[in-house]
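Below, each chain spelled out in residue letters.
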Amino acid sequence: MSKKIIALLGSPLLDGNTAHLLDEAIRGAEEAGCEVEKFEVAHMDVLPCMEFFQCKGSETCLIQDEMEGIFARFREMDGLIIATPVMTMGIPGRLKSFIDRFQVFYMAKYHRGRSFISPERRKKRKMLFISIAGMNIPNVFEGAKMTARAFGEIIDCPYWDEVLRNDMDTIQDITTRPEVVEAAHKKGYELGKLLG
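Residues numbered from 1 in each chain as written. Predicted model: local features only at pLDDT ≥ 70, side-chain atom pairs only at ≥ 80, totals over all residues. Heavy atoms only, no water.

(A) Representation of helix H6 (residues 142-154) within the structure. If you check H6, its first and last C-alpha atoms are 18 Å apart, about what 13 residues at 1.5 Å a residue would give, namely 18 Å. Those residues of H6 that sit buried are Ala144, Lys145, Thr147, Ala148, Phe151, Gly152 and Ile154. (Helix = DSSP H or I, 4+ residues; strand = E, 2+ residues; numbered from the N terminus. Expected span 1.5 Å × (residues − 1). Buried < 20%, exposed > 50% of the residue type's maximum accessible area, 1.4 Å probe, protein only.)

So this is what it looks like as structure tokens:
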């Protein structure tokens, strides 16, 4: 049975540089025998966390939207790929709102002490993080990476590896950097093989 990977596109541009890198990583993971389900987060009907705190004592969220089915998929998945641009030294708002909704997982793990993911499965689950940034400055990825790492801990899918490319304001088109495109494909393939 093939391993399941979820791929999150954090950019609102469905055919932009971030999407291109994500598609390459997906292609690599599929070549390695994995089944990949992609979510274009900026175009989903997902509300932000409203801190109703129903999830303190329940496995469900009070907000009824697309997230209900997604929580189940995140419990079942074997791996995760997040691809996002850096915006204001962090991740875009729609992706951040999506991640914040995983208080359902946070409360299960840290408040009730019963993570949805067993320690055995956690050891096998892995996250690949792909990101581009417009500016060419030190530490431009630090905020985005901190969020991704924290998310990985909450959902018990630890940060495994990354593909990063800054200075995109100058580069403009990621296809002029074939080494970055190939790195995304290669890391997707490696992730798929590790999960399999």
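Here the narrative resumes.
(B) Local environment of the packing of aromatic side chains. Scanning the model with the defined rule gives 11 aromatic pairs in all. On the basis of an interplanar angle of 85° and a centroid distance of 5.3 Å, the ring pair of Phe71 and Phe102 is categorised as edge-to-face. Placement of the pair is Phe71 in helix H2 (residues 67-76) and Phe102 in the loop between helix H3 (93-100) and helix H4 (103-111), with a sequence separation of 31 residues. Look at Phe102 and you get buried, because its relative accessible area is 1%. Judged by centre distance (4.9 Å) and plane angle (90°), the ring pair of Phe105 and Phe116 falls under edge-to-face. Here the residue Phe105 occupies a position in helix H4, and Phe116 occupies one in the loop between H4 and helix H5 (119-124), the gap between them amounting to 11 residues. An aromatic cluster of at least three residues, connected via ring pairs, comprises Phe71, Phe74, Phe98, Phe102, Phe105, Phe116 and Phe151. (Phe/Tyr/Trp six-rings, centres within 6.5 Å; stacked < 30°, edge-to-face > 60°.)

(C) How the structure looks around the sheet that holds strand S1 (residues 4-9). Here we have five strands laid out as an open sheet, ordered S2-S1-S3-S4-S5, and parallel in their pairing. A strand with exactly one partner marks an edge of an open sheet, and here the two such strands are strand S2 (35-40) and strand S5 (159-165). Going from strand to strand, the sheet's axes swing by 15° on average, the running direction of each strand aside. The sheet contact formed by S1 and S2 spans six bridges and is parallel. Of the residues in S2, the one forming a bridge with Ala7 is Lys38. Seen against the sheet, helix H8 (residues 178-195) touches S1, strand S3 (79-85), strand S4 (126-132) and S5 and runs at an angle of roughly 170° to S5. (Pairing = 2+ DSSP bridges. Axes fitted to C-alpha atoms, helices over the stretch in contact; angles between N-to-C directions. Contact = heavy atoms within 4.5 Å.)

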